[in-house]
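Chain by chain, the residues run as shown.
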Amino acid sequence: MTKKLLLLIGLTMVTTLYGQPRNLFVELGLDSVAVNAKLEEVFNDVFKGPNKVYFEVGDTMGYISDIKNHDVRTEGMSYGMMIAVQFDKKDIFDRLWRWSRKYMQHQSGQREGYFAWSCKTDGTRNAEGAASDGELYYITALIFASNRWGNQTGINYLAEAQHILNSTMPREYTPERRPNPMPFAQPSGPQKIFLIDPETHLITFTPDGFGQRFTDPSYHIPVFYEVWARWANDGRADFWRDCAAKSREFLHKSIHPVTGLNPDMCGYDGKPLQFPGGRRSGSENFRYDSWRVPMNITLDYTWSGDDAEWQRAYGERIQNFFYSKGINDFVDQYRVDGTLPDEGEILPAGNSGKALRHSIGLVATTAAASILTSHEKRKDFAFALWNAKHEPTADGYFDAYYDGLLRLFAFMHLSGNYRIIEP
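The structure contained in this document is the topic of the report that follows. (Residues numbered from 1 in each chain as written. Predicted model: local features only at pLDDT ≥ 70, side-chain atom pairs only at ≥ 80, totals over all residues. Heavy atoms only, no water.)

### Overview of the overall build of the chain
Going by this rule: Runs of H or I in DSSP of at least four residues are treated as helices and runs of E of at least two as strands, each being numbered from the N terminus. The size measure is the radius of gyration over C-alpha atoms, and the globule rule it meets is 2.2 Å times the number of residues to the 0.38 power. The contact definition used throughout considers only heavy atoms, calling two residues in contact when any of these lie within 4.5 Å. Computed with a 1.4 Å probe, the accessible areas rest on the Shrake-Rupley method; for each residue, only the protein chains presented here act as cover. Within this scheme the basic residues Lys and Arg register as positive and the acidic residues Asp and Glu register as negative, but His and the chain ends are omitted. By convention, charge coordinates are those of NZ in Lys, CZ in Arg, CG in Asp, or CD in Glu.
Along the chain, the regular secondary structure elements total 14 helices and 6 strands. For a compact globule of 423 residues, the expected C-alpha radius of gyration is about 22 Å, and the chain comes in at 20 Å, within 12% of that figure. Dimensions along the principal axes, computed over C-alpha positions, put the chain at roughly 60 × 55 × 40 Å. Once local pairs closer than 6 in sequence are excluded, the contacts in the chain between residues at least 24 apart make up 68%. If you sum the accessible surface of the chain, you get close to 15900 Å²; carbon and sulfur atoms cover 50% of it. Side-chain charges of the chain comprise 46 positive and 52 negative groups, with the mean position of each set lying 2 Å from the other.

Structural data, given as structure tokens:
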């Protein structure tokens, strides 16, 4: 490994709860120097290249933009912070955090501590409400930053993580009036707001009187709670460990037993979210958010191993499904039984219109699942990602943001460079 890349990813400072992450690319016969160079190339595509999604603002701030939607999202900002701390890029991490704290985080009021999930690139908020996966990643990334850089270098990372954690505990909240597209009555009067449903100990879709009645399978990363239990120092270690266990149980329920696919949104019982009258909307289908589940389960397997037997079987199941559709041909949205959605169920990406594509973001996450598997197909998935070009598709569609970030995470996984960072 080159000295430059050792500095880039800071390998000497990181360990894991469960074994050492594997460099599967090298195991499959690729040269380690080529793997390191590819990882650096993919990192630069996101943060430095002509199609970058990271932009610096002044001397102290920066943001990651969903270019196709012309906004900044807590999803991308918190992903960027996780990537930055993994690569030992403190300046990028601090810039993203300062922008998030200034423009996205509520500093007072009934949403204090939470983050507005979408802003314009000038910081103007497009929405006030939070999307729970943002908080999930912010907390974990801040804990890792505390472990890696300490809390005396300008930002008290641990204190910031603890503030978010304390803010996400149940408290009084008066829901805003909003359109009611989901199969629930409009809430009214004082409610409780919470990130984690207090009855099931499962993460909410959105922490408010509306979206906290259901969840999103792609928000379930059980081992993040184990990280919180070990290093958050917030007095809730047993609670977080129980959340990890409940989240693993939920994933068993929400994933189709034959295809391995999961719905975009579902109830806490794991059943796909259905609209009144049996109308299909696509929320019960495997689509953009759902792509993350194979990679999230891979992360839990690598860092924890508490559910390893089921996770290995899951990896083979979902790779078998996508392999059956053609390793270079599978599309990015399916019903969970493996059939194709009708046009009315297809979720557009930005303003690109309704289309099914062989998207590199899904190529990436299914490749990451090769870490779970032992069958020969894993090589095909890993090399499909290695050889994939992140460039416009035949219809001109190109997503530097979501596809780019998932591609980078997958390369981190498959090169053994996505790790728990201990003090």
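More follows now that the structure is in view.
### Observations regarding unusual backbone geometry
Stated precisely, the cut-off is as follows: We call a residue buried when its accessible area falls under 20% of the maximum for its residue type, exposed when it is over 50%, and partly exposed in between, using a 1.4 Å probe and counting protein chains only.
Despite not being glycine, Asp88 shows a phi value in the positive range, around 60 degrees. Relative to the assigned elements, Asp88 resides in the loop between helix H4 (74–86) and helix H5 (90–104). A relative accessible area of 26% places Asp88 in the partly exposed class. A positive phi angle, near 65 degrees, is found at His201, a position not held by glycine.

### Considerations on the nonpolar core
To keep things clear, this is the line we draw: To form a nonpolar core, buried Ala, Val, Leu, Ile, Met, Phe, Trp, Tyr and Cys residues must be joined to one another through side-chain atoms within 4.5 Å.
Grouped together as the largest cluster of nonpolar side chains are 129 residues, with contacts concentrated most on Phe93, Phe224, Trp228, Phe322 and Leu408. The greatest single-element share of this core, amounting to 10 residues, is contributed by helix H6 (residues 132–149). Setting aside anything within four residues of it in sequence, one finds Leu408 in contact with Leu39, Val42, Phe43, Val46, Phe47, Ile83 and Phe87.

### What to know about the pairing of strand E2 (residues 61–66)
Our working rule: A pair of strands counts as paired when DSSP detects no fewer than two bridges linking them.
Within E2, 6 of the 6 residues are buried, leaving the element largely enclosed by the surrounding structure. Pairing of strand E1 (residues 54–57) with E2 involves 4 bridges; the strand directions are antiparallel. Counted as the bridge partner of Tyr54 is Ile64 from E2. Hairpin connection of E1 to E2: 3 residues between the antiparallel strands, including Gly58 at a positive phi of 60 degrees. With 2 bridges joining them, E2 and strand E3 (residues 71–73) adopt antiparallel strand pairing. Bridge assignment links Asp66 to a residue of E3, and that residue is Asp71. Linking E2 to E3, which pair antiparallel, is a turn of 4 residues; within it His70 sits at a positive phi near 60 degrees.

### A closer look at the pattern of salt bridges
In plain terms, the rule: One side-chain nitrogen of Lys or Arg within 4 Å of one carboxyl oxygen of Asp or Glu is enough to make a salt bridge.
Using the criterion set out here, one finds 28 salt bridges in the structure. Note that Lys246 and Asp242 form a salt bridge whose closest N and O atoms lie 3.0 Å from each other. Remark: Asp242 and Lys246 occur in helix H9 (residues 237–254); sequence separation between them is 4 residues, near one turn of the helix. A relative accessible area of 28% places Lys246 in the partly exposed class. Take Asp242: its relative accessible area is 25%, and that puts it in the partly exposed class.

### Here's the deal with the packing of H5 against helix H7 (residues 157–167)
Operational definition: Axes here refer to lines fitted to C-alpha atoms; in helices the fit is confined to the stretch in contact. Angles between the N-to-C directions go from 0 to 180 degrees. Should the near helix be turned anticlockwise from the far one by less than a right angle, the crossing is left-handed, and should it be turned clockwise, the crossing is right-handed.
Remark: H5 packs on H7, axes separated minimally by 13 Å, with the N-to-C direction vectors making an angle of 35 degrees. Considering the relative orientation of H5 and H7, their crossing is left-handed. Counting all contacts with H5, which are made through Lys90, Phe93, Asp94, Trp97 and Arg101, the residues of H7 involved are Tyr157, Glu160 and Ile164.

### Brief notes about the packing of aromatic side chains
Heads up, the rule is: Only rings of Phe, Tyr and Trp enter the pairing, Trp through its six-membered ring, and a pair is recorded when the two centres are within 6.5 Å. The plane angle decides the type: under 30 degrees is stacked, over 60 is edge-to-face, the rest tilted. Note on criteria: charge over ring means Lys NZ or Arg CZ within 6 Å of the ring centre, with the direction from the centre no more than 35 degrees off the ring normal.
All told, the structure shown has 39 aromatic pairs when counted by the stated rule. Between the aromatic rings of Trp97 and Tyr138, the centroid separation amounts to 5.9 Å while the plane-to-plane angle is 70 degrees, which identifies the pairing as edge-to-face. With Trp97 in helix H5 and Tyr138 in helix H6, this pair connects stretches of sequence that are 41 residues apart. Pair check on accessibility: Trp97 and Tyr138 agree, each one buried. Between Tyr137 and Phe224, the aromatic rings sit 5.1 Å apart at their centres with planes inclined by 85 degrees, giving edge-to-face as the arrangement. Residue Tyr137 is found in helix H6, and its partner Phe224 is found in helix H8 (residues 222–231); the two are separated by 87 residues along the sequence. Assessed through its relative accessible area of 6%, Tyr137 is described here as buried. One aromatic cluster in this structure is built from Tyr79, Tyr137, Phe144, Phe224, Trp303, Phe409 and Tyr418. The ring centre of Trp386 lies 5.3 Å from the NZ or CZ of Lys38, which sits over that ring. Its end group placed over the ring of Tyr397, Arg357 keeps NZ or CZ at 4.0 Å from the ring centre.

### A few points about helix H10 (residues 292–303)
Operational definition: Helix span, expected: 1.5 Å multiplied by one less than the number of residues in the helix.
In this model, H10 (12 residues) spans 16 Å end to end at C-alpha, consistent with the 16 Å of a helix rising 1.5 Å per residue. Of all 12 residues making up H10, 12 are buried, and the element is well covered by its neighbours. Among the residues of H10, Arg292, Val293, Pro294, Met295, Asn296, Ile297, Thr298, Leu299, Asp300, Tyr301, Thr302 and Trp303 are the ones counted as buried. Backbone geometry just after H10 places Gly305 at a positive phi near 80 degrees.

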